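Next come the chains, spelled out residue by residue.
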Amino acid sequence: QLQLVESGGGLVQAGGSLRLSCAASGRTFSDYAMGWFRQAPGKEREFVAAINRNGANKNYADSVKGRFTISRDNAKNTVYLQMNSLKPEDTAVYWCAADLWGTGAGRSSSYERWGQGTQVTVSS
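Residues numbered from 1 in each chain as written. Predicted model: local features only at pLDDT ≥ 70, side-chain atom pairs only at ≥ 80, totals over all residues. Heavy atoms only, no water.

Trainee: Hey, could you go over unusual backbone geometry for me, with residue numbers and the actual values?
Mentor: For S85, which is not a glycine, the phi torsion comes out positive at approximately 50°. Position of S85 among the secondary structure elements: in the loop between β8 (78–83) and β9 (92–100). Given the relative accessible area of 42%, S85 is considered partly exposed. For W101, which is not a glycine, the phi torsion comes out positive at approximately 65°. Topologically, W101 is positioned in the loop between β9 and β10 (113–114). (Helix = DSSP H or I, 4+ residues; strand = E, 2+ residues; numbered from the N terminus. Buried < 20%, exposed > 50% of the residue type's maximum accessible area, 1.4 Å probe, protein only.)

Listed below in structure tokens is the structure:
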């Protein structure tokens, strides 16, 4: 089974930046499309960004377009989420997820494997 481990979360002031990483192991990473999702307190989990297997196609939620960038390094078995111009409403637990043979969908139900999550807190 593919195992996913997120890192890079933390506390940052509004307007700041963070880069989340998700390291994969256990299966061929390039067989998976990858996504990032988040859940804020009292809210449902929502899609943030996704990338297809070779990194050519990316998909973003409207709320993060122009601020967040998803990328992947298949040689390092890692997907990244660069988050710039952070806002307090970006505060959430962030998960990476993997979709075997996927294309980078925005639906959480498409993803079979999930990491443990990392907390991002943006102070105003």
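Following the structure, the description resumes.
Trainee: Would you mind going over the nonpolar core in detail, with residue names and values included?
Mentor: The biggest cluster of nonpolar side chains holds 35 residues, and the ones touching the most others in it are M34, W36, L81, M83 and Y94. Residues in contact with L81, not counting those within four places in the same chain, are L18, R19, L20, W36, V48, A49, F68, T69, I70 and Y94. (Core = buried A, V, L, I, M, F, W, Y, C linked by side-chain atoms within 4.5 Å. Contact = heavy atoms within 4.5 Å.)

Trainee: Help me get a handle on the pattern of salt bridges, residues and values and all.
Mentor: In this structure the tally under the stated criterion is 4 salt bridges. D90 is the salt-bridge partner of R67, the closest N and O atoms lying 2.7 Å from each other. Of this pair, R67 sits in the loop between β6 (58–60) and β7 (68–73) while D90 sits in the loop between β8 and β9; the two residues are 23 residues apart in sequence, bridging distant segments of the chain. Here R67 matches D90 in class, with each residue buried. (Salt bridge = Lys/Arg side-chain N within 4 Å of Asp/Glu carboxyl O.)

Trainee: Go over the environment of A97, please, and point to the residues and values.
Mentor: On the secondary structure map, A97 appears in strand β9. Judged by its relative accessible area of 0%, A97 falls in the buried class. In the structure, A97 is positioned 18 residues away from G115 in sequence and 6.4 Å away in space, judged by C-alpha atoms. In this view, A97 contacts L4, A33, M34, G35, F37, Y111, R113 and W114; residues no more than four positions away in its chain are not counted.

Trainee: Please give an account of the state of the cysteines that cites residues and values.
Mentor: Under the definition given, this model contains 1 disulfide. What pairs with C22 in a disulfide is C96, and their sulfur atoms sit 1.9 Å apart. Looking along the S-S bond of the C22-C96 disulfide, the torsion reads about 50°, which is the right-handed sense. One end of the pair, C22, is in strand β3 (residues 18–25); the other, C96, is in strand β9, with 74 residues separating them in the sequence. As far as burial versus exposure is concerned, C22 and C96 are alike and both buried. (Disulfide = S-S within 2.5 Å.)

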